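One letter stands for each residue in the lines below.
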Amino acid sequence: MYDWLIVGAGFAGSVLAERLANERNERVLLIDRRPHIAGNAYDCYDDEGLLIHQYGPHIFHTNSKQIFDHLSRFTEWRFYEHRVLAEVDGMQVPIPINLDTVNKLYGLNLTSEQLQDWFAERAEKVSEIKTSEDVVISTVGRELYEKFFRGYTRKQWGLDPSELDKSVTSRVPTRTNRDDRYFGDEFQFMPKHGYTRMFEKMVRHPNIHVMTQTDYEDVRHVVPHRRVIYTGPIDEYFDFRFGKLPYRSLRFEHVTLDKTWHQSVAVVNYPQTNDYTRVTEYKHLTGQEHQKTALTYEYPSAEGDPYYPIPKPENQELFKKYERLALTTPDVWFVGRLATYRYYNMDQIVGQALATFRRINESLPAQADT
Ligand code: FAD
Ligand code: UDP
């Protein structure tokens, strides 16, 4: 008899498995339908021995010391600050849009102060910022919006930014200085030996039994367990009874090139050209030294594994129906990006899992020996 059946060995499931086994001495069966642990953060070596991220580039960043400290128990870190260029009008310029972006794109020599006025002259008045279009046009105006955001967002989501919640493009700030880091967070690191090694250390415990290539359906009625932590898509758990929740998918094309470097930064975004959104070159992230180089091209798609919940009001309403059902489902805890239908980064999922663990502790007495 397991105390917990945990469905999904990504951040949500693995962080909780470790906490329950270590702190409550409970027996956990951690399953994943994929042939590996680590969820979307899974990394592995390709045929040439280059470390790649199977599901696209994952860069750890957080402002939470608690979350950083928690993960630090399972890995050493490599200092890494993420930088991204966008190919716009045939030039590669920094994104988030900053002083250098505007100066380079328009052949100007503005100061930070002048750039503030430049943006103010172009920013459109929006009475209430609701959509992802509103966010950008009210900050930098329509021209930069069209160059950097409209095409990329349409490709990535299959929707116009005016149809998406403001939270989507709000993820990317606008700067008037020369700071060209993609994230502004206090802690920005990569796990020194990769994400998968970090997960292996996290779930290595005598009370945790890991089974990959195992679907919840395969074991739910077969393996005795007291409670469930479910980190898969919430609509799937309830057999889509209110209809399918939309998730955006991606097709990843991984290639290895017989040259040392391909591009000057880890990620180049393509808002105006190509069917892919961005190209990642992993050696920038991992610091690996190798004569060859590995890249991933990301092609957004409506079909395929669910990667992104799609933030728009009607989807949130549909999710709320499932959430109400989840709240009345005894002994099942819904955690993670797919089960809570939230466009969360890794650190936010770790935070959510740790908060869930605190709630479990408050509501359930430890029971390992019963
Ligand atoms: P997941 O990692 O999706 O894990 C859920 C697991 O559950 C999956 O492995 C799935 O196979 C399994 N599962 C589902 N249903 C079942 C079932 N019925 N039976 C068995 N197993 C099941 N975050 C960052 O902080 N920084 C980044 O740079 C970053 N880049 C990203 C890039 C891309 C392309 C994507 C898609 C996401 C990115 N993220 C990034 C977000 C990050 O991937 C997520 O926040 C995090 O992985 C979510 O963890 P999770 O455990 O909730 O979900
Ligand atoms: N975005 C854009 N152009 C860019 C970068 C981002 O339009 O060059 C928009 C797009 O809608 C994207 C969102 O901002 O989905 C969030 O970007 P982020 O890089 O955070 O996306 P993720 O890494 O989560 O795919």
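What counts, and where the lines are drawn
Residue indices follow the written sequence of each chain, beginning from 1 at its first position. Ligands are numbered from 1 and chains lettered from A, in the order in which they are written. Only residues with pLDDT of at least 70 get local features here, since the model is predicted, and only at 80 or more are side-chain atom pairs given and counted; chain-wide, interface and lining totals rely on the full set of residues. Hydrogens are left out, water is left out, and the side-chain values use all remaining heavy atoms of the structure. DSSP calls a pair of strands paired once it identifies at least 2 bridges connecting them. Strands here mean DSSP runs of E at least two residues long; helices mean DSSP runs of H or I at least four residues long; both are numbered from the N terminus. All axes here are fitted lines through C-alpha atoms, helices being fitted over the stretch that makes contact, and every angle between N-to-C directions spans 0 to 180 degrees. Residues count as neighbours in contact if any of their non-hydrogen atoms are within 4.5 Å of one another. For each domain, the first and last residues come from an automatic or database assignment. Buried area adds together the accessible area that both of two parts lose upon being put together, with accessible area traced by a 1.4 Å probe. Salt bridge, as used here: a side-chain nitrogen of Lys or Arg that lies within 4 Å of a carboxyl oxygen of Asp or Glu. To sort residues, take the accessible area from a 1.4 Å probe on protein chains only and compare it with the maximum for the residue type: under 20% means buried, over 50% means exposed, and anything in between is partly exposed. The crossover handedness rule: strands pointing away from the viewer, path from first strand over the helix to second strand clockwise, crossover right-handed.

Draft legend 1. Region of the structure containing the sheet that holds strand β17 (residues 332–334). Strand order in the open sheet formed by 5 strands is β10-β2-β1-β11-β17, with parallel pairing between adjacent strands. Only two strands of the sheet have a single neighbouring strand rather than two, namely β10 (208–211) and β17. Averaged over all adjacent pairs, the angle separating strand axes in this sheet is 20 degrees, with direction ignored. Here strand β1 (residues 2–7) pairs with strand β2 (residues 28–31) via 4 bridges, running parallel. Within β2, the position partnered with V7 by the bridge is I31. Strands β1, β11 (225–230) and β17 of the sheet are contacted by helix α12 (residues 346–363), whose axis makes an angle of about 155 degrees with β17.

Draft legend 2. Region of the structure containing the domain arrangement of the chain. Examined at the domain level, the chain breaks down into domain 1 (2–47 + 192–245 + 309–363) and domain 2 (96–171). Taking the mean C-alpha position of each, domain 1 and domain 2 sit 36 Å from one another. Opposite the 6 residues of domain 1 that make contact, domain 2 presents 8 residues. Summing both partners gives a buried area of about 640 Å² for domain 1 against domain 2, and 60% of it is carried by carbon and sulfur.

Draft legend 3. Quick peek at the pattern of salt bridges. All told, the structure shown has 29 salt bridges when counted by the stated rule. Among the ionic pairs, D69 bridges to K65, the shortest N-O distance being 2.6 Å. Here the residue D69 and the residue K65 both occupy positions in helix α2 (residues 65–72), the gap between them amounting to 4 residues, near one helical turn. Under the relative-accessibility criterion, K65 is labelled exposed at 52%. Salt-bridge contacts for D89 lead to K147; the nearest nitrogen and oxygen are separated by 2.7 Å. Here the residue D89 occupies a position in the loop between β7 (84–88) and β8 (91–95), and K147 occupies one in helix α6 (residues 142–157), the gap between them amounting to 58 residues. A relative accessible area of 15% means that K147 is categorised as buried. Through salt bridges that share partners, E81, R83, R175, D179, D180 and R181 make up one connected network.

Draft legend 4. Molecular detail of the pairing of β1. Here β1 lies mainly inside the structure; 5 of its 6 residues are buried. Relative to β11, β1 is paired through 5 bridges, and the arrangement is parallel. Note that in β11 the partner of L5 across the bridge is V228. Following the chain from β1 across helix α1 (residues 11–24) to the adjacent parallel β2, one finds a crossover that is right-handed.

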